[in-house]
Amino acid sequence: MLDSVRAWVEWVDALPSSAAIRESIYGYPALLTIHVLSMCLFAGLIIMMDLRLLGVGNRRTPFSEVQRSFFTAQMVGMALSAVTGLILVYGQPTRFFDNIFFWIKMLMMALAGANALVFHYTTYASIAEWDSAHVMPFRSRFAAVVSIVLWVSIIASGRLIAYNWFESR
């Protein structure tokens, strides 16, 4: 199965549009810049919410207000980051396919998504009880710590993609 996936990745790599992206003097750097900035926007706002859950920042503001005020910008950051990330991978699919840091980043993003879903469908369901509390429930603080660790790992592994020490030469 891995051979068939590799064959598909190599086929995508050979497409003229894929080559055009990776060989663009201005396009690829622009995509990379937008990807990094949108990831900073998204992850930064997520971490700000996590810090509120930990009682470190925005303590006078109910969590629901913090979440509501950040939501639109978070979604813009997430959408831009996802779209530019997909285009970047499309432009160099064989490079990413063989890169351990890319796969670590993908795993951490899946775990961060799962953490957010679990938080939303369990702890957040009882927000009316703890929204303005100075000390948040343990489950919300735990979700916040997990989120911060995952997003720091996502950013670090994303940056390390450029330095794949395990690449066969």
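Residues numbered from 1 in each chain as written. Predicted model: local features only at pLDDT ≥ 70, side-chain atom pairs only at ≥ 80, totals over all residues. Heavy atoms only, no water.

Colleague: What's the story with the pattern of salt bridges in this structure? I'm lost.
Modeller: Pairs can form between side chains of opposite charge once their charged atoms are near each other. In this structure the tally under the stated criterion is 2 salt bridges. In this structure, Asp 98 and Arg 6 form a salt bridge, with 2.5 Å as the shortest nitrogen-oxygen distance. Taken together, the residues span a long stretch of sequence, with Asp 98 in the loop between helix 5 (93-97) and helix 6 (100-121) and Arg 6 in helix 1 (residues 2-14) at a distance of 92 residues. The class of Asp 98 is partly exposed, set by a relative accessible area of 40%. Residue Arg 22 pairs with Asp 13 through a salt bridge whose shortest N-O separation is 3.2 Å. Owing to a relative accessible area of 26%, Arg 22 belongs among the partly exposed residues under this scheme. (Salt bridge = Lys/Arg side-chain N within 4 Å of Asp/Glu carboxyl O. Helix = DSSP H or I, 4+ residues; strand = E, 2+ residues; numbered from the N terminus. Buried < 20%, exposed > 50% of the residue type's maximum accessible area, 1.4 Å probe, protein only.)

Colleague: Would you mind going over helix 2 (residues 16-23) with me for this structure?
Modeller: Restricting attention to buried positions, one finds in helix 2 the residues Ser 18, Ala 19 and Ile 21. Here the buried residues of helix 2 occupy an arc of 160° about the axis, which is enough to place them on one side. Looking at helix 2, the residues exposed on the side facing more than 90 degrees away from the buried face are Pro 16 and Glu 23. Of the surrounding secondary structure, the elements contacted by the buried residues of helix 2 are helix 1, helix 3 (27-53), helix 4 (63-91) and helix 5. (Arc of directions from axis to C-beta. Contact = heavy atoms within 4.5 Å.)

Colleague: Please explain the packing of aromatic side chains as it appears in this structure.
Modeller: Within a pair of aromatic rings, the relevant descriptors are the distance that separates the centres and the angle that separates the planes. Throughout the structure, instances matching the rule amount to 10 aromatic pairs. Aromatic side chains Phe 102 and Trp 103 sit 5.0 Å apart centroid to centroid with 75° between the ring planes, which places their arrangement in the edge-to-face category. Since its relative accessible area comes to 9%, Phe 102 is described here as buried. Its end group placed over the ring of Phe 96, Arg 95 keeps NZ or CZ at 5.4 Å from the ring centre. (Phe/Tyr/Trp six-rings, centres within 6.5 Å; stacked < 30°, edge-to-face > 60°. Lys NZ or Arg CZ within 6 Å of the ring centre and 35° of its normal.)

Colleague: Could you clarify how one ought to interpret the side chain of Ser 81 in this entry?
Modeller: Relative to the helices and strands, Ser 81 is located in helix 4. Beyond its immediate sequence surroundings of up to four residues, Ser 81 is in contact with His 35, Ser 38 and Met 39.

Colleague: How do you make sense of a nonpolar patch on the surface when you look at a structure like this?
Modeller: Nonpolar side chains collect at one region of the surface, where Ile 100, Ile 104, Tyr 163, Trp 165 and Phe 166 lie side by side and expose about 570 Å² of accessible area between them. Residue placement: Ile 104 occurs in helix 6. (Patch = residues over 30% accessible without salt bridge, like charges linked within 9 Å, V, L, I, M, F, W, Y side chains within 5 Å. Areas by Shrake-Rupley, 256 points an atom, 1.4 Å probe, with all protein chains shown as cover.)

Colleague: Can you help me understand the packing of helix 3 against helix 4 in this one?
Modeller: Two quantities define a packed helix pair, namely the angle between the helix axes and the distance between the axes. Where helix 3 contacts helix 4, the axes come no closer than 8 Å and their chain directions differ by 155°. When the axis of helix 3 is compared with that of helix 4, the two are roughly antiparallel. Of the two elements, helix 3 crosses helix 4, and the hand of that crossing is left-handed. Residue composition of the contact of helix 3 with helix 4, grouped by class: 21 nonpolar, 8 polar and 1 charged. (Axes fitted to C-alpha atoms, helices over the stretch in contact; angles between N-to-C directions. Parallel < 35°, antiparallel > 145°, perpendicular 65-115°, else oblique. Left-handed = near helix turned anticlockwise from the far one by under 90°. Nonpolar A, V, L, I, M, F, W, Y, C, P; charged D, E, K, R; others polar.)

Colleague: When you look at the side chain of Asp 50 in this model, what are you seeing that I'm missing?
Modeller: Its location among the elements puts Asp 50 in helix 3. Buried and without a salt bridge, Asp 50 has Arg 52 as its closest oppositely charged side chain, separated by 11 Å. Within the structure, the side chain of Asp 50 is placed 2.5 Å from the side chain of Ser 147, a separation counted as a polar contact. In this view, Asp 50 contacts Ala 144, Ser 147 and Ile 148; residues no more than four positions away in its chain are not counted. (Lys, Arg positive; Asp, Glu negative; His and termini not counted. Polar contact = N/O pair within 3.5 Å; in protein donor to acceptor, adjacent residues only side chain to side chain.)

Read these as spatial facts, not as claims about activity.
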